[in-house]
Each structure stands twice: as C-alpha cells, then as structure tokens.
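# Residue-level structure breakdown
Here is what each chain is made of, one letter per residue.
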Amino acid sequence: MLDWGAGRWPGLSQLFSHPAFRDWLYYQARQGTAERFKQLAKPGQAVTAIGDAVLAGKSKQAIASAFEAALLG
C-alpha cells in the first residue's frame, strides 16, 4: 500500500496522520522476522539477529543490538 502512495489518498491520509494509528502501526502491527530466517540456517550454523528482526518497533534496542553484533561479534 505504501508503494502505491496510499498514505496520500483522501481519507487514508487523515488516518495515517493520527498519532494513535501511527503508534499502532509502528509498534503493534509489525512483527520481527528473525525466527523465520533462523529456520533457514544449517545445523550448527550461527545466526545473529539484529535490529527490528528481533522485535519490531523497538528502535533503541534494535540499534544497540546491531552495534553489539558488529563490534563484539
């Protein structure tokens, strides 16, 4: 929908600009994808999930986990 510009459509533009809807969209409607990708790993292969893949919508934690994975291995 975002690729189609739905956020600018009449009616939807008001919905997308409403703080409660945006909060729901950013924090409740999204899901982490780490578990789906971990299933693709071969036995014994290490997988490090970073960012929103772990828990969608938690940017502070996502940034911290990305730095930790990159710098601390």
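Heads up: the structure comes first, above all this text.
Residues numbered from 1 in each chain as written. Predicted model: local features only at pLDDT ≥ 70, side-chain atom pairs only at ≥ 80, totals over all residues. Heavy atoms only, no water.

## Quick notes on the overall build of the protein chain
Just so we agree on the cut-off: Note on conventions: DSSP H or I runs of at least 4 residues are helices, E runs of at least 2 residues are strands, and numbering of each starts at the N terminus. Think of it in three bands: with a 1.4 Å probe and only protein chains considered, a residue is buried below 20% of the maximum accessible area for its type, exposed above 50%, and partly exposed in between. We call two residues contacting when some pair of their heavy atoms lies within 4.5 Å. Only the protein chains shown count as cover for residues, with accessible areas throughout obtained via the Shrake-Rupley method and a probe of 1.4 Å.
Counting its regular elements, the protein chain contains 4 helices and 0 strands. When the helices and strands of the protein chain are placed in sequence order, the string is α-α-α-α. Burial status across the protein chain gives 12% buried among its 73 residues. Look at the contacts in the protein chain between residues 6 or more apart in sequence, and 18% of them connect residues 24 or more apart. Looking at the protein chain as shown, the accessible area adds up to about 6300 Å², and 59% of this sits on carbon and sulfur atoms.

## Quick look at the packing of aromatic side chains
Rules: Centres within 6.5 Å are what make two rings of Phe, Tyr or Trp a pair, Trp counting through its six-membered ring; a difference in plane orientation under 30 degrees is then read as stacked, over 60 as edge-to-face, and the rest as tilted.
Applying the stated rule across the entire model yields 2 aromatic pairs. Between F16 and F21 the ring centres are 5.4 Å apart and the planes differ by 85°, which places this aromatic pair in the edge-to-face class. What makes F16 buried here is its relative accessible area of 17%. Taking the centre distance of 5.7 Å and the plane angle of 35° together, the rings of F21 and W24 count as tilted. Taken together, the residues F21 and W24, both in helix α2 (residues 19-28) and 3 residues apart, mark about one turn of the helix. Taken together, the aromatic side chains of F16, F21 and W24 make up a single cluster linked through ring pairs.

## Considering the environment of A64
Mapped onto the secondary structure, A64 falls in helix α4 (residues 59-72). Residues A64 and I50, spaced 14 residues apart in sequence, show a C-alpha to C-alpha distance of 8.7 Å.

## Topic: the pattern of salt bridges
Going by this rule: By convention in these notes, a salt bridge is any Lys or Arg side-chain nitrogen within 4 Å of a carboxyl oxygen on Asp or Glu.
Inspection of every chain in the model, using the stated rule, returns 1 salt bridge. With a closest N to O distance of 3.7 Å, K38 and E35 form a salt bridge. Taken together, the residues K38 and E35, both in helix α3 (residues 34-38) and 3 residues apart, mark about one turn of the helix. Since its relative accessible area comes to 54%, E35 is described here as exposed.

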